[in-house]
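Close look at the chain arrangement
Next come the chains, spelled out residue by residue.
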Amino acid sequence: MKLSRRRFVRGMGVTASSTLLPLSLFAQNQAQNELQIPALNAGEMQAGRQSYELQLQSGTSQFLSGLPTPTLGINGSFLGPTLRLKNGSDVAISVLNQLDEPSTLHWHGLHVPAKADGGPSQVIAPDETWRPSFTVRQKAGTFWYHSHLLNKTGEQVYKGLAGMIIIDDEESESLELPSTYGVDDIPLIVQDRRFNEDGSFRYVGMHRDVMTGVFGDRILVNGTTSAVFTPTTNKVRFRILNAANARTFNFALADGREFSLIASDGGFLEKPVALRNIVLAPAERVEIVVDFSDGGPVDLLSLPLEASSPYSTIGMMRNMLSVNTESFTILNIQPQSNLQRSTALPEKLTSISRMQEGEAARTRRFVLSMPMGMMRRGRGRGGEFLINGNPMAMDTINEVVPVGTTEIWEIYNDSMMMHPFHIHHGQFQILDRDGVPPSPDEMGFKDTVKVGPGQTVRFIMRFENFSDPDTAYMYHCHILEHEDNGMMGQFTVA
Ligand code: C2O
Ligand code: CU
Ligand code: CU
């Protein structure tokens, strides 16, 4: 039809065609590779502490046949081991930086002292070792760690500085859930990447890579391209981490089957929630249990975000690729022929007491914006992505929260695209989105929340301890190119 063709062509002109990704690549027939499972690192007891030794290193990885890709990793050449921690235990971590550039390592979602948090002020210079220690005060769940270097988080995570953290507690150990790591308890670190012709990653190129965040045309799961997983049990628990820099995924099984959502960012939901799809923005995690009893193969997909979704991009940014417009495969799943029986899921997973608005000492408001001045090129770093009108400034503490208080944070998105808002220091509960209480899948603890264009999200959080007037925690958009270009702020708990 003429009209739509013309509009299509015009759209191509407005949006830079070289970054309009050929998403059909996802559908290309490629050899399948067995899903790699990151090594499990449960640490070693040393001087009364569970001790973990990590090294940031560079190397090469084989994602494209015959073409090596220069990458970064932790104790390996891409990504890092899955760190297994136990609630209540004293932990000591040493992080040796063997890169030729500074870095940091942040424990995303963990409630730790600001000095141990691994944010932009805990820089590890080349050849130096950073030794944070803390007591794990965290309900069981799926967390992660990643570089948090000022202005360079996106690039370092893109190259591979990220990994998963699994926390266990007495509750998780007593529940009858699939829990054999790598067998029926499977980490899925989902990322999209794009490549140069020489096999290297193609990170930020055009200005619009910064505006929408960097999108890729290849999916990596635990660093595996075209990954295939073979269930050996009829129920499998997947710990899904959206570790993409910018892409939001809408996960679903290809045949539309239901799965059980058992955990969100901060651990278990009170009881399993039956769903057919789940939208995860960068940094969000879920644990789901999928039943393969029928024995048939079924792919894990990402579906397009519905046009009516509150997280869709609006206005003049709508033509830019900042949400999924096609379905594509995340993981091929081909169950083996004789599946071991799994037990039925427990009806109750945990209890969560909802924090009451009345407990909050105050409400703080945060406005996320991308002023149109940023459409002009060459304005330099910062000043393009703002929180309350200001870009991130290393020498500014934006907020001081009195220790021991509970607060409501109200996040208003005054831009045309969704921003996943993340706060360090702890886990919160979502109160409402535009006044509407969250659906059951968002009733658990969270540390990252999707705020759609024009939306207001309110969450409530306890700032319990770790008073330190000199060391800041961060809050920011977890689209890493937004974070790196100013959409971040600092607060202390004092
Ligand atoms: Cu996942 Cu401030 O980070
Ligand atoms: Cu974090
Ligand atoms: Cu953002």
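Note that the structure is predicted; figures quoted are calculated from it, not measured. (Residues numbered from 1 in each chain as written. Chains lettered and ligands numbered in written order. Predicted model: local features only at pLDDT ≥ 70, side-chain atom pairs only at ≥ 80, totals over all residues. Heavy atoms only, no water.)

**Thoughts on the coordination of the copper ion (ligand 2)**
For a metal bound by four donors in a tetrahedral arrangement, the ideal donor-metal-donor angle is 109.5 degrees, while six donors in an octahedral arrangement ideally sit at 90 or 180 degrees. Worth spelling out the cut-off: Each metal site lists N, O and S donors within 2.8 Å (3.2 Å for Na, K and Ca). With water left out of the atoms, a site can look as if it is missing ligands. Strands are runs of DSSP state E lasting at least 2 residues, helices are runs of H or I lasting at least 4, and numbering of each runs from the N terminus. Relative accessibility thresholds used throughout: buried, under 20% of the residue-type maximum; exposed, over 50%; partly exposed, between the two (1.4 Å probe, protein chains only).
Protein-derived ligands of the copper ion (ligand 2) are H106 (NE2) and H422 (NE2), with the metal-ligand distances lying across 1.9 to 2.0 Å. With H106 in strand β8 (residues 106–108) and H422 in strand β29 (residues 419–423), the pair connects residues that are 316 residues apart, well separated along the chain. H422 shares its class with H106; the two are buried.

**Structural notes on the sheet that holds strand β30 (residues 428–433)**
Filter applied, for reference: Paired strands, in this sense, are two strands between which DSSP finds at least two bridges.
In spatial order, the strands read β26-β25-β28-β32-β30; together these five strands make up an open sheet with mixed pairing. Two strands bound the open sheet, and with one partner strand each, they are β26 (386–387) and β30. Pairing analysis gives seven bridges linking strand β25 (residues 362–369) to strand β28 (residues 405–413), with the strands arranged parallel. Across the sheet, the residue bridging to F366 is I411, located in β28.

**As for the confidence of the model for the protein chain**
Stated formally: Predictor confidence is given residue by residue as pLDDT, running from a minimum of 0 to a maximum of 100. Two residues form a contact once any of their heavy atoms are found within 4.5 Å.
Averaged over every residue, the pLDDT of the protein chain is 91; residues scoring 70 or more account for 91%. Across residues 1–29, confidence stays below pLDDT 50; counting only partners more than four residues off in sequence or on other chains, it has 35 contacts.

**Considering the coordination of the copper ion (ligand 3)**
Around the copper ion (ligand 3), the protein contributes the donor atoms H419 (ND1), C477 (SG) and H482 (ND1), at 1.9 to 2.1 Å from the metal centre. Positions of the donor residues of the copper ion (ligand 3) along the chain correspond to the pattern H-x57-C-x4-H. The buried category is assigned to H482, whose relative accessible area is 0%.

**Section: the domain arrangement of the protein chain**
Put simply, the rule is: For the domain bounds, the source is a domain assignment made automatically or taken from a database. Note: buried area is the sum, over both parts, of the accessible area (probe 1.4 Å) each one loses when the two are combined. Ten residues, namely Ala, Val, Leu, Ile, Met, Phe, Trp, Tyr, Cys and Pro, are considered nonpolar, four, namely Asp, Glu, Lys and Arg, are considered charged, and the remaining ones, Gly among them, are considered polar.
Domain annotation for the protein chain reports domain 1 (5–29 + 175–333), domain 2 (40–170) and domain 3 (357–493). Placing the centre of domain 1 and that of domain 2 at their C-alpha centroids yields a distance of 23 Å. Interface of domain 1 and domain 2: buried area, both sides summed, is about 2600 Å²; carbon and sulfur atoms make up 66% of it. For domain 1, the biggest contributors to the area lost against domain 2 are Y181, F201 and R285; these three give 23% of the whole. Every element with two or more residues in the side of domain 1 that touches domain 2 is listed here: β13 (185–193), β14 (218–221), β17 (235–242), β20 (267–275) and β22 (285–291). A per-element tally of the side of domain 1 that touches domain 2 places β13 first, with seven residues. Here the residues of the side of domain 1 that touches domain 2 are counted per class, giving 13 nonpolar, 10 polar and 12 charged.

**Some points on the nonpolar core**
Generally speaking, nonpolar side chains in soluble globular proteins are found buried as a group. Inclusion rule: Definition used in this section: a nonpolar core is a set of buried Ala, Val, Leu, Ile, Met, Phe, Trp, Tyr and Cys residues joined via side-chain atoms within 4.5 Å.
Residues W409, F421, I423, F459 and F491 are the most contacted members of the largest nonpolar core, which totals 36 residues. There are two domains that each give this core at least three residues, and those are domain 1 (5–29 + 175–333) and domain 3 (357–493). Dropping the residues within four chain positions of it, F421 is found in contact with L368, W409, I411, D447, T448, V449, V451, F459, Y475 and H476. If you look at the next biggest cluster of nonpolar residues, it comprises 32 residues, including L188, F229, V273 and I278.

**Considering the pairing of strand β11 (residues 141–146)**
Of all six residues in β11, six are buried; the element is thus mostly enclosed. Burial of the side chains of β11 extends over both faces: G141, F143 and Y145 are buried on one face and T142, W144 and H146 on the other. Summarising the sheet, β8 and β11 pair through three bridges and their orientation is antiparallel. Its bridge partner being in β11, H108 is matched across the sheet by W144. Both β11 and strand β12 (residues 162–168) contribute to a ladder of six bridges, which runs antiparallel. By the bridge assignment, T142 is partnered in β12 with I166.

**Some points on the sheet that holds strand β16 (residues 227–229)**
Read across the sheet, six strands follow the order β1-β16-β24-β23-β18-β21 without closing on themselves; strand pairing throughout is mixed. A single partner strand is all that each edge strand has here, and the edge strands are β1 (33–34) and β21 (277–280). Relative to strand β24 (residues 328–333), β16 runs parallel, the two sharing two bridges. Counterpart to V228 in the pairing with β24 is N332.

**Comments concerning the packing of aromatic side chains**
As a reminder, the rule being used: Aromatic pairs are defined between Phe, Tyr and Trp rings, using the six-membered ring for Trp, whenever the two ring centres lie within 6.5 Å; interplanar angles under 30 degrees are classed as stacked, those over 60 as edge-to-face, and all others as tilted. In this scheme, Lys NZ or Arg CZ marks a charge over a ring once it lies within 6 Å of the ring centre and within 35 degrees of the ring normal.
Tallied over the entire structure, the rule returns 26 aromatic pairs. Residues F63 and F78 carry aromatic rings whose centres are separated by 5.0 Å and whose planes lie at 75° to one another, so their mutual orientation is edge-to-face. With a gap of 15 residues between them, F63 in strand β4 (residues 49–64) and F78 in the loop between β5 (67–74) and β6 (82–86) connect regions that are remote in the sequence. No difference in accessibility class separates F63 from F78, as the two residues are buried. Across from the ring centre of F201, 5.7 Å away, lies the NZ or CZ of R193, which sits over that ring.

**Looking at the pattern of salt bridges**
Basically, it comes down to this: Only one rule defines a salt bridge in this text: a Lys or Arg side-chain nitrogen within 4 Å of an Asp or Glu carboxyl oxygen.
Under the counting rule described, the total for this entry stands at 27 salt bridges. Measuring nitrogen to oxygen at the nearest pair gives 3.6 Å for the salt bridge that ties E155 to K152. A residue is classified by how much of its surface remains accessible, and K152, at 32% relative accessible area, is partly exposed. Residues D185 and R239 are paired through a salt bridge, measuring 2.8 Å at the closest nitrogen-oxygen approach. Taken together, the residues span a long stretch of sequence, with D185 in strand β13 and R239 in strand β17 at a distance of 54 residues. Neither D185 nor R239 differs from the other in exposure class; each is buried. Each of D265, E284, R285, K446, D447 and K450 takes part in a single network of salt bridges with overlapping partners.

**With respect to unusual backbone geometry**
Look at N222: it is not a glycine, yet its phi comes out positive at around 50°. Among the residues examined, N222 registers a relative accessible area of 6% and is labelled buried. Backbone geometry places H425, a non-glycine residue, at a positive phi of 90°. Residue placement: H425 occurs in the loop between β29 and β30.

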